[in-house]
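Residue-level listing of the chains:
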Amino acid sequence: MRLIDTLSRYWRNIQLNLFPWLEEELGELTEKEEQLIAILEVVRIEEYIPRNVGEVGRPPAERSAIGRSFLAKAVYNMPTRRHLLDRLETDKRFRRLCGWERQSDIPSESTFSRAFDEFSKSQLLGRIQEALIEKHLKDEVIGHISRDATEIEAREKPKKKEIKEKKEKKKRGRPKRGEERIKELSRLERQKEMKLEEMLEDLPKGCDVGNKKNSKGYIESWTGYKLHLDVTDGQIVTSCILTSASVHDSQVSLPLAEMTRQRVTNLYDLMDAAYDSPIIREHSKALGHIPIIDINPRGNTNLAEELSAEARRLKNLHFELPEDVRYNVRTSVERVNARLKDEFGGRMVRVRGHAKVMTHLMFGILALVADQLIRLVT
């Protein structure tokens with residue numbers, strides 16, 4: 001309730017004060033322009049960007065206006081930076097909303113490129129998203145956190161895999177008396193003893209090829225990355241991690257859970273069968289959460305059959321388990337994935353390299369988070 005009251009007052013201030021003033025200055029606003037204004041006002045990216053970046057030579061172009069322009073690019077789902085510059089040069093209202101009065105004030109495309117590099121290297125957008133979540137959700141109790149990953153196609157060549165050293169062939173049979181055979185730990189097993197920074201550092205981040213089975217049972221492949229998200233009931237992204245496309249979803253569950261734990265308080269963790277692991281379940285319980293994870297029949301054949309039989313019996317009795325009802329909430333993360341790609345530039349990745357791809361996606365995620373916060377009160 002505290003979140004809704006705060007956002008309601010915030011939204012009323014935008015409607016009663018900001019929109020009328022802008023309509024006097026620019027004329028009647030379109031629905032898209034109102035959405036852009038509201039998102040810019042919620043994110044307030046200019047508060048996080050230093051006004052003077054350089055120390056010597058000519059002062060750099062205003063980074064705040066460039067940051068607002070990149071956010072507007074995500075809101076308008078523009079495919080390229082060139083489309084953004086063309087819109088700034090030809091659309092006076094759009095240009096003024098981004099922060100420039102005259103066409104001659106707009107910097108060159110190379111300046112936009114340098115500013116984008118600065119945003120990528122400083123990881124500025126990740127800090128802004130964390131600040132937004134802390135500001136609006138820190139004191140709230142979240143019912144469910146839904147976790148999932150989605151493919152991100154990129155226009156770059158996949159990184160060549162390093163040639164692994166030939167391993168010694170494992171000896172068959174039982175070990176001899178006194179012989180110790182050291183089992184190589186999986187990444188998920190290693191993460192149990194790692195801190196968050198170590199887990200993030202250990203995850204592969206280069207562009208490569210990923211594979212997944214679609215809803216019809218066919219294997220699909222893509223070149224690029226994989227975006228892993230934690231999402232609240234209100235479709236607000238609390239945490240996000242970008243990895244190589246080939247990284248399995250389960251390997252990012254623990255770092256995502258740790259990031260989310262530092263930002264919000266939630267009760268249930270909802271995940272599909274890709275996260276079906278005792279380590280993930282135990283970690284969720286250790287955080288004081290209740291894990292609701294779909295059963296992977298490949299690893300739990302007997303349990304899956306038992307649950308399937310029990311589900312059929314309950315269905316015949318027209319009864320549904322509470323866990324099943326809660327698990328249905330998990331579709332919120334799938335809707336976030338769809339909106340990010342269809343409305344906020346998730347399919348328009350034209351930059352290369354992990355840091356730049358993440359920055360491109362983060363502009364869309366910031367716009368999406370702000371839009372969902374506004375939707376909670378409208």
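Colleague: Before we go on, may I ask you to explain the overall build of the protein in this structure?
Modeller: Within the protein, the secondary structure is distributed over 15 helices and six strands. Taking the contacts inside the protein whose residues are at least 6 apart along the sequence as the reference set, 67% of them involve residues at least 24 apart. Surface exposure of the protein reaches about 22,000 Å², of which carbon and sulfur atoms provide 49%.

Colleague: Help me understand helix α6 (residues 109–122), please; the structure alone is not making it clear to me.
Modeller: An α-helix turns once per 3.6 residues; consequently, residues spaced three or four apart project the same way. Here α6 contains 14 residues, and its C-alpha end-to-end distance of 20 Å stays within 8% of the 20 Å for a straight helix at 1.5 Å per residue. Looking one or two places after α6, you find Gln123, whose phi comes out positive at around 55°.

Colleague: Whenever I open this one, the pattern of salt bridges confuses me. Can you help?
Modeller: Two side chains of opposite charge can pair, provided their charged atoms sit close to one another. One pass over the structure, following the stated rule, counts 28 salt bridges. The closest approach of N and O atoms between Arg147 and Asp230, which form a salt bridge, is 2.7 Å. Of the two residues, Arg147 sits in strand β1 (residues 141–153) while Asp230 sits in strand β3 (residues 219–231), which places them 83 residues apart along the sequence. Given the relative accessible area of 3%, Arg147 is considered buried. Its relative accessible area of 0% is what places Asp230 among the buried residues. Between Arg187 and Asp202 there is a salt bridge, with the nearest N and O atoms lying 3.0 Å from each other.

Colleague: Looking at this model, I keep getting lost on the pairing of strand β2 (residues 208–213). Mind explaining?
Modeller: Looking along a regular strand, one sees the side chains alternate between the two faces of the sheet. Judged from the six bridges that link them, β2 and β3 form a sheet pairing that is antiparallel. The residue of β3 that forms the bridge with Asn211 is Ser221.

Colleague: Which parts of the structure should I look at to understand the pairing of strand β6 (residues 290–293)?
Modeller: Pairing geometry for strand β5 (residues 265–271) and β6, over four bridges, is parallel. Counted as the bridge partner of Asp269 is Pro291 from β6. Handedness of the crossover joining β5 and β6 through helix α11 (residues 278–286) is recorded here as right-handed.

Colleague: Sorry, what's going on with unusual backbone geometry here?
Modeller: Leaving glycine aside, a negative phi is the common case for residues, and trans is the common case for peptide bonds. Backbone geometry places Asn77, a non-glycine residue, at a positive phi of 55°. If you check the backbone angles, Gln123 has positive phi at about 55° while not being a glycine. Within the secondary structure layout, Gln123 lies in the loop between α6 and α7 (124–137). Gln123 sits in the exposed class, given a relative accessible area of 60%.

Colleague: Hey, could you run me through the packing of aromatic side chains in this one?
Modeller: Centre-to-centre distance and the angle between the planes together describe a pair of aromatic rings. Tallied over the full model, the rule gives eight aromatic pairs. Judged by centre distance (5.3 Å) and plane angle (65°), the ring pair of Phe70 and Phe116 falls under edge-to-face. On the criterion of sequence distance, the pair formed by Phe70 in helix α3 (residues 63–75) and Phe116 in helix α6 is long-range, its members being 46 residues apart. Take Phe70: its relative accessible area is 4%, and that puts it in the buried class. Here Phe116 falls in the buried class, since its relative accessible area comes to 3%.

Colleague: Help me out: how do you make sense of the packing of α3 against helix α4 (residues 81–90) in this one?
Modeller: In a packed pair of helices, the relevant descriptors are the angle between the two axes and the axis-to-axis distance. At their nearest, the axes of α3 and α4 sit 10 Å apart, and the two run at 110° to each other. By the criterion of interaxial angle, the relationship of α3 to α4 is roughly perpendicular. Residues Ser69, Phe70 and Lys73 of α3 lie in contact with α4, whose contacting residues are Arg81, Leu84 and Leu88. Looking at side-chain class alone, the contact of α3 with α4 contains three nonpolar, one polar and two charged residues.

Colleague: Please explain the packing of α7 against helix α15 (residues 354–375) as it appears in this structure.
Modeller: The interhelical angle for the contact between α7 and α15, taken along N-to-C directions, is 20°, at an axis separation of 9 Å. Classified by the angle between their axes, α7 and α15 sit roughly parallel to one another. Here α7 runs over α15; the crossing is left-handed. Residues Leu125, Gly126, Ile128, Gln129, Leu132, Ile133 and His136 of α7 form the contact with α15, whose participating residues are Thr359, Met362, Phe363, Ile365, Leu366, Val369 and Leu373. Here the residues of the contact of α7 with α15 sort into ten nonpolar, four polar and no charged.

The rules behind each value
- Positions within a chain are numbered from 1, following the residues in the order the chain's sequence is written.
- Side-chain atom pairs in this predicted model are given and counted only at pLDDT of 80 or more, local residue features only at pLDDT of at least 70, and totals for whole chains, interfaces and linings cover all residues.
- Each side-chain value is worked out from all heavy atoms of the structure, with water and hydrogens disregarded.
- In this description a helix means any DSSP run of H or I spanning at least four residues, a strand means any run of E spanning at least two, and both kinds are numbered starting from the N terminus.
- Residue contacts are counted whenever heavy atoms from the two residues lie within 4.5 Å of one another.
- Values of accessible area rely on a 1.4 Å probe in the Shrake-Rupley scheme; residue burial ignores everything except the protein chains shown.
- Residue count minus one, scaled by 1.5 Å, sets the expected span of a helix.
- A pairing counts as a salt bridge when a side-chain nitrogen of Lys or Arg comes within 4 Å of a carboxyl oxygen of Asp or Glu.
- Residue burial is assigned from relative accessible area. The probe radius is 1.4 Å, only protein chains are included, and a residue is buried under 20% of its type maximum, exposed over 50%, and partly exposed in between.
- At least two DSSP bridges between two strands are needed for those strands to be called paired.
- If you view a crossover with the strands going away from you and the path from the first strand over the helix to the second runs clockwise, you call it right-handed.
- Two rings belonging to Phe, Tyr or Trp (six-membered ring only in the last case) form a pair when the distance between their centres is within 6.5 Å. Interplanar angles under 30 degrees mark stacking, angles over 60 mark edge-to-face geometry, and anything in between is tilted.
- Every angle, taken between N-to-C directions, lies between 0 and 180 degrees, and every axis is a line fitted to C-alpha atoms, over only the stretch in contact when it is a helix.
- Angles are sorted into four bins: roughly parallel if under 35 degrees, roughly antiparallel if over 145, roughly perpendicular if 65 to 115, and oblique for all others.
- All amino acids are sorted into three groups, where Ala, Val, Leu, Ile, Met, Phe, Trp, Tyr, Cys and Pro are nonpolar, Asp, Glu, Lys and Arg are charged, and the leftover types, Gly among them, are polar.
- Crossing handedness is defined as follows: a turn of the near helix away from the far one that is anticlockwise and smaller than a right angle gives a left-handed crossing, while the clockwise case is right-handed.

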